Amino acid sequence: MNDLGEKNKLRRDDYYYRLKQEIEEFLYDEAELLDQRNFSEWLDILSDDLIYFMPIRRNVKFGTHNEKENTREGYDISWFEEDKWTLSKRIDQIHTGKHWAEEPLSRVSRMITNIQLQNVKPTMQEPCEVGIKSRFLIYQNRSENECNTFYGKRSDILRLETGVWKLIRREIILDQNILMAKNLSIFF
Amino acid sequence: MAEKDNYSGMVDGINGLIDRQIFANEKIYSIELERVFTRSWLLIGHETQIPNNGDFISSRMGAESVILCRDPNRKIHVFLNTCTHRGMKVCLYDEGNTATFTCPFHAWSFATDGKLVGVPHEKDLYSKSLDKEKWSLIEVAQMYNYKGSIWATWDKSAPNFIEYLGGAKDHLDLALDSLDGSEGGTEVFGGVHKWISPCNWKVPAENFCGDSYHNVSHISVDMVGIGPSAGSGEKGRRDNELVDAQHLWISFPGGHGIHSAMKPANNEYIEAYKDNPIVEEYYRHCYKERELKLGERARIVPFVGTIFPNTSFHGRQPRALCSWHPNGPQSSQISRFFLVDKAAPKEVKDLVRRYYMRYAGPAGMTEQDDMENWNQATASCNGAIARRFPFNYQQSMGDYKINDPVPGMVSTQMTEENARQFYKCWASYMESQDWGKIMSHPAQTATGNGI
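Residues numbered from 1 in each chain as written. Chains lettered and ligands numbered in written order. Predicted model: local features only at pLDDT ≥ 70, side-chain atom pairs only at ≥ 80, totals over all residues. Heavy atoms only, no water.

A. Spotlight on the overall build of chain B. For chain B, the count of helices and strands is 13 helices and 23 strands. Relative to its length of 451 residues, chain B is compact, with a C-alpha radius of gyration of 23 Å against a globular reference of 22 Å. Taking all 451 residues of chain B together, the buried fraction comes to 60%. Summarising the internal contacts of chain B: among those between residues at least 6 apart in sequence, 63% fall at separations of at least 24. The averaged location of the 55 negative side-chain charges in chain B is 3 Å from the averaged location of its 47 positive side-chain charges. (Helix = DSSP H or I, 4+ residues; strand = E, 2+ residues; numbered from the N terminus. Rg over C-alpha atoms; globule rule 2.2 N^0.38 Å. Buried < 20%, exposed > 50% of the residue type's maximum accessible area, 1.4 Å probe, protein only. Contact = heavy atoms within 4.5 Å. Lys, Arg positive; Asp, Glu negative; His and termini not counted. Charge placed at Lys NZ, Arg CZ, Asp CG, Glu CD.)

Here's what the structure looks like:
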């Protein structure tokens, strides 16, 4: 993940905050759809060319983090490297009522915070594409007493498609090495 | 029962009854670490994970951390990841390249051949006492590089790896050889799945040694269709490459359980990997090549298997090696790496990589449901009442042949025989039997006419 160096930092003006508010609403609406298990509606806010990526994170020597810490999109095995099609399959699977890792459904709450915009294209005044950094804290409770807590970072790109924001890219950085949960059966 | 060490009694293959305590009891678990995991051959990793001198990865044997590395003479080693001075891990990384492993605690340092090469203030503090030769990293008793996969055991007296594999070797080959039938030639994708699952390690090991009965558990993915031809409208979680094949459940000496299949004599290629014509063509081409190379032997095609005690493989859809590391009586740390033909075109690597990810592991649509089953089945073994009631392993009792139609103890219908033999072998280890007893097996004593 790139850091938000001063050089790349967008100017904090009215346009920035107005857009940020709009994007925050989008992300909260999205979290609400998922928390309320409206998976099919969630699918509608994903662009047809979505990339949904969660690398595996390795313990590596200091100084090699940039090249080695995360598994590479397009080359390695990661936790997720999905497109809209596979996500729709995951939703279909839940809807069979026989996906035992999510039947009965988990209880999930998603907290999305630390939202900052970057790479707004073409202009802040008339944005068509927005890069967003955020943090997530997701609580999953399932079956009787099984709990998982997922902390991490998201790096999203939204694009305006016929007047509506759609998610075209999501990179999910889960802050774990050996995965502590038995399954990643929820959406991030 | 554990107190009496009557492990054979707990795994009653004659009546098909297995005591639930073996999946829950603390004492049994700690004895397993001592008697099963210090003797049997365990999977460590793959040579393509450490291509260069000085390359290393962290792995695990039983509940202990080990290092797999390549020394300056290209020799591969497996060491216990513990400083011989005071025990701190000498390697804190999942992978990397190094000239030495230097302990963070007191800075003893070890070369990648294991030798102790650096002791701070050695002359002043240790001139009269320390024989450095004796304090190398602790190395496994035997290591074997089998077609790139690296295996090791702590037992000097264990049969060599090839002998240990016995007839299971032909089936492990189905995962490790190239699709066109040439020997070896597989590599590992970067990125190793490592996760913790609340199940006893034997539950998934048994699952992979031929529990085809649990197929129904995966009905959700079968309904939805996630295979490598799913984009072309095929249902199922994999392509139906075995539609005309005779499934075979085969148990081998040493407790290995295999589920493979035998194609009919005409050995027709079943179209698969239809989502990309280049990939489809590759599999078709390789299939024909393999038949030309292997002839009659090419009729045997892979499914899954477990090499005793805790290494399992998927032969093809998806293709991977997996270890179920004991992590407590009711917890396993699982690691899995995925295989592909080194020579495969990029389109093949891309398609199978993405298929592997949506199929397997904790994010995999198929295996998530396994994890749920393994978790709850393990948890049931805690119950004061539940554990009075053994599990039922009575499926297809006696329905097997020896070395017919292939070598081994073979069932041509779904069976729990592989599991019964797995646990029989487990009991031999647990009762500290000699290797002759451990390797004794119905298929060993009979003579047959296998191909």
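B. Expanded view of the overall build of chain A. Along its length, chain A carries 4 helices and 6 strands. Overall, chain A shows an N-to-C arrangement of helices and strands of α-α-β-α-β-α-β-β-β-β. For chain A, whose C-alpha radius of gyration is 17 Å, the value lies close to the compact-globule estimate of 16 Å for 188 residues. The C-alpha extent of chain A, read off along each of the three principal axes, is 50 × 45 × 30 Å. Burial statistics for chain A: of 188 residues in total, 53% are counted as buried. The long-range share in chain A, meaning contacts at least 24 apart out of those at least 6 apart in sequence, stands at 63%. Accessible area for chain A stands at about 9300 Å²; split by element, carbon and sulfur atoms hold 46% of it. For chain A, the separation between the mean place of its 29 positive charges and that of its 33 negative charges on side chains is 5 Å. (Areas by Shrake-Rupley, 256 points an atom, 1.4 Å probe, with all protein chains shown as cover.)

C. Local environment of the domain arrangement of chain B. All names here are of chain B. When the domains of chain B are assigned, the result is domain 1 (9–24 + 165–445) and domain 2 (42–143). Each of domain 1 and domain 2 has a C-alpha centre, and the two are 33 Å apart. Tallying the contact residues gives 18 residues for domain 1 and 11 residues for domain 2. Note on domain 1 versus domain 2: buried area summed over both sides is about 1100 Å², and carbon and sulfur give 55% of it. Taken as a group, V188, H325 and F337 account for 34% of the area that domain 1 buries against domain 2, more than any other trio of residues on that side. Our count for the domain 1 to domain 2 interface comes out at 1 salt bridge. The closest approach of N and O atoms between K194 and D94, which form a salt bridge, is 3.1 Å. Linking domain 1 with domain 2 are 5 residue pairs in polar contact (both at pLDDT 80 or more). Breaking the side of domain 1 that touches domain 2 down by element, the ones donating at least two residues are β13 (186–188), β19 (319–326) and β20 (332–341). By residue number, the principal contributor to the side of domain 1 that touches domain 2 is β19, which donates 5 residues. When the residues that make up the side of domain 1 that touches domain 2 are grouped by side-chain class, the tally is 8 nonpolar, 7 polar and 3 charged. (Domains from an automatic or database assignment. Buried area = accessible area lost by both parts, 1.4 Å probe. Salt bridge = Lys/Arg side-chain N within 4 Å of Asp/Glu carboxyl O. Polar contact = N/O pair within 3.5 Å; in protein donor to acceptor, adjacent residues only side chain to side chain. Nonpolar A, V, L, I, M, F, W, Y, C, P; charged D, E, K, R; others polar.)

D. How the structure looks around the sheet that holds strand β2 (residues 80–82) of chain A. Residue and element names in this part refer to chain A. Ordered by their spatial adjacency, 6 strands build an open sheet running β2-β1-β6-β5-β4-β3, and the pairing between neighbours is mixed. Whereas interior strands pair on both sides, the edge strands pair on one side only; in this sheet they are β2 and β3 (107–122). In this sheet, neighbouring strand axes are inclined to one another by 20° on average, regardless of whether the strands run parallel or antiparallel. Both strand β1 (residues 46–54) and strand β6 (residues 164–174) contribute to a ladder of 4 bridges, which runs parallel. When the bridges of β6 are listed, F53 appears paired with E171. (Pairing = 2+ DSSP bridges. Axes fitted to C-alpha atoms, helices over the stretch in contact; angles between N-to-C directions.)

E. Geometry of the pairing of β20 of chain B. Residues and elements named next belong to chain B. With 10 of 10 residues buried, β20 is to be regarded as a mostly interior element. The alternating pattern of β20 places S332, I334, R336, F338 and V340 on one face and Q333, S335, F337, L339 and D341 on the opposite face, and all of these are buried. When β13 meets β20, the two strands line up antiparallel, connected through 3 bridges. When the sheet's bridge partners are listed, E187 is paired in β20 with V340. Sheet analysis places strand β14 (residues 193–197) next to β20, joined by 5 bridges and oriented antiparallel. Across the sheet, H193 pairs through a bridge with R336, a residue of β20. Of the strand pairs in this sheet, β19 and β20 are connected by 7 bridges, and their pairing is antiparallel.

F. Structural detail: the sheet that holds strand β11 (residues 142–146) of chain B. All names here are of chain B. A sheet is described by the order of its strands in space; here 3 strands give the open sequence β3-β12-β11, paired in antiparallel fashion. Strands with a single pairing partner mark the edges of an open sheet, and in this sheet they are β3 (42–46) and β11. Averaged over neighbouring strand pairs, the angle between their axes works out to 25° when direction is ignored. The pairing of β3 with strand β12 (residues 149–153) spans 4 bridges and is classified as antiparallel. Pairing of L43 across the sheet is with W151, part of β12. Across the face of the sheet, helix α5 (residues 169–176) comes into contact with β11 and β12 while running at roughly 60° to β11.

G. Local environment of the state of the cysteines. All names here are of chain B. Evaluated as defined, the whole model comprises 0 disulfides over all chains. C322 forms no disulfide, and the closest cysteine sulfur to it belongs to C199, at a distance of 10 Å. The class for C322 is buried, based on a relative accessible area of 1%. No disulfide involves C381; its sulfur sits 11 Å from that of C199, the nearest cysteine. (Disulfide = S-S within 2.5 Å.)

H. How the structure looks around the packing of helix α8 (residues 277–294) of chain B against helix α9 (residues 346–359) of chain B. Residue and element names in this part refer to chain B. It is at 9 Å that the axes of α8 and α9 come closest, and there the two elements cross at 100°. By the angle class used here, α8 and α9 are roughly perpendicular. Contacts from I278, V279, Y282 and Y283 of α8 reach α9 at E347, V348, L351 and V352. Classifying every residue of the contact of α8 with α9 by side-chain character gives 7 nonpolar, no polar and 1 charged. (Parallel < 35°, antiparallel > 145°, perpendicular 65-115°, else oblique.)

I. Layout of the interface of chain A and chain B. In this assembly, 41 residues from chain A lie in contact with 43 residues from chain B. Buried surface at the junction of chain A and chain B, both sides included, amounts to about 3700 Å², of which 55% is carbon and sulfur. One can count 6 salt bridges joining chain A with chain B. The residue R142 of chain A makes a salt bridge to E372 of chain B at a minimum N-O spacing of 3.4 Å. Summed over the shared surface of chain A and chain B, the result is 25 residue pairs in polar contact (both at pLDDT 80 or more).

J. Geometry of the side chain of K182 of chain A. By the element assignment, K182 of chain A lies in the segment after β6. In terms of polar contacts, K182 of chain A uses its side chain to reach the side chain of E146 of chain A, at 3.1 Å. A distance of 3.0 Å separates the side chain of K182 of chain A from the side chain of E372 of chain B, its partner in a polar contact. With sequence-adjacent residues up to four places away left out, K182 of chain A is seen in contact with E146 of chain A together with W195, I196, S197, P198, P362, M371, E372 and N375 of chain B.

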